[in-house]
Amino acid sequence: MSEAGEERGWRRFGPESIERAMLLALSDEFGVVLRPRSIDLGDGTRLEIEGADTDCGLLVQMVGNQGTFRSLHRNKVMADMFKLTWLRSAMFPDSRAVLCVSETVAQVFTPSGWTTRAARDLGIEVWIFDGAGKPAPLQHA
């Protein structure tokens, strides 16, 4: 792919965005090339996913907000969990679903919180992207 084509593939994530950094770090972690994808659902409907490999065996959504935690971050987490769950069940049942969040947003996932339990029960892996630019899996039992 040409450099211009590669850059177009990033769509809304600019060169310095946390989302691009998250996708590149997850690509390294999982050993696959993850990029934003537009998926044709077969009926004329298209769905944007923030990251996927070429065969959609790995589906990724990200919440990279930094600074002060707000309820809209929790809402984005829930919307992304729903999107991952639906896309996997409707289109890619053998795929791996990953939600990567910033340290600010990670507070949604407390050890006794329902979002933590929901992610685990739905088979969504939650990864935390730390200030040093490294992803690590959520460590709640």
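Residues numbered from 1 in each chain as written. Predicted model: local features only at pLDDT ≥ 70, side-chain atom pairs only at ≥ 80, totals over all residues. Heavy atoms only, no water.

### Regarding the overall build of the protein
Looking only at helices and strands, the protein features four helices and six strands. Shown N-terminal to C-terminal, the secondary structure of the protein runs as helices and strands in the order α-α-β-β-β-α-β-α-β-β. Evaluated residue by residue, the protein yields a buried proportion of 44% over its 141 residues. Of the accessible surface of the protein, which amounts to about 7,600 Å², a share of 52% is contributed by carbon and sulfur atoms. (Helix = DSSP H or I, 4+ residues; strand = E, 2+ residues; numbered from the N terminus. Buried < 20%, exposed > 50% of the residue type's maximum accessible area, 1.4 Å probe, protein only. Areas by Shrake-Rupley, 256 points an atom, 1.4 Å probe, with all protein chains shown as cover.)

### Some details on the sheet that holds strand 6 (residues 135-137)
The six strands are arranged 1-2-3-4-5-6 in an open sheet whose pairing can be described as mixed. A strand with exactly one partner marks an edge of an open sheet, and here the two such strands are strand 1 (35-40) and strand 6. Within the sheet, the average angular offset between the axes of one strand and its neighbour, ignoring direction, is 40 degrees. When strand 1 meets strand 2 (residues 46-52), the two strands line up antiparallel, connected through five bridges. (Pairing = 2+ DSSP bridges. Axes fitted to C-alpha atoms, helices over the stretch in contact; angles between N-to-C directions.)

### Thoughts on the layout of surface pockets
In this model, the largest pocket occupies a volume close to 180 Å³. Classifying every residue of the lining of the largest pocket by side-chain character gives six nonpolar, three polar and two charged. (1 Å grid on protein atoms, 1.4 Å probe; cavity = no way out; pocket = protein on both sides within 12 Å on 5 of 7 lines; lining within 4 Å. Points joined across faces, edges and corners; volume = space filled by probe spheres on them. Nonpolar A, V, L, I, M, F, W, Y, C, P; charged D, E, K, R; others polar.)

### Quick word on helix 3 (residues 71-90)
Here helix 3 is 20 residues long and its end C-alpha atoms lie 28 Å apart, about the 28 Å a rise of 1.5 Å per residue gives. Among the residues of helix 3, His 73, Val 77, Asp 80, Met 81, Leu 84, Leu 87 and Arg 88 are the ones counted as buried. Buried positions in helix 3, seen along its axis, are confined to an arc of 140 degrees and lie on one side of it. Exposed residues on helix 3 whose side chains face more than 90 degrees from its buried face are Ser 71, Phe 82 and Ser 89. Against strand 1, strand 2, strand 3 (58-63), strand 4 (96-102), helix 4 (114-122) and strand 5 (124-129) lie the buried residues of helix 3. (Expected span 1.5 Å × (residues − 1). Arc of directions from axis to C-beta. Contact = heavy atoms within 4.5 Å.)

### Brief notes about the nonpolar core
With 25 residues, the main nonpolar core has Val 77, Leu 99, Val 101 and Phe 109 as its most contacted residues. Looking at this core, the elements with two or more residues in it are strand 2, strand 3, helix 3, strand 4, helix 4 and strand 5. Looking at which element gives the most residues to this core, the answer is helix 3, with four residues. What Leu 99 contacts, discounting residues up to four positions off in sequence, is Gln 61, Met 62, Val 63, Val 77, Asp 80, Met 81, Leu 84, Phe 109, Ile 124, Glu 125, Val 126 and Trp 127. Core analysis: the next-biggest nonpolar cluster, separate from the first, contains 15 residues, Ile 18, Met 22, Ala 25 and Leu 26 among them. (Core = buried A, V, L, I, M, F, W, Y, C linked by side-chain atoms within 4.5 Å.)

### Describing the confidence of the model for the protein
Confidence along the protein averages 88 in pLDDT terms, with 89% of residues attaining 70 or more. Scored below 50 in pLDDT, residues 1-6 shows two contacts in the model against residues more than four places distant or in partner chains. (pLDDT = per-residue confidence, 0-100.)

### Quick notes on the environment of Ala 52
Mapped onto the secondary structure, Ala 52 falls in strand 2. A relative accessible area of 0% places Ala 52 in the buried class. Put simply, Ala 52 and Arg 35 are 17 residues apart on the chain and 5.6 Å apart in space, counted from C-alpha to C-alpha.

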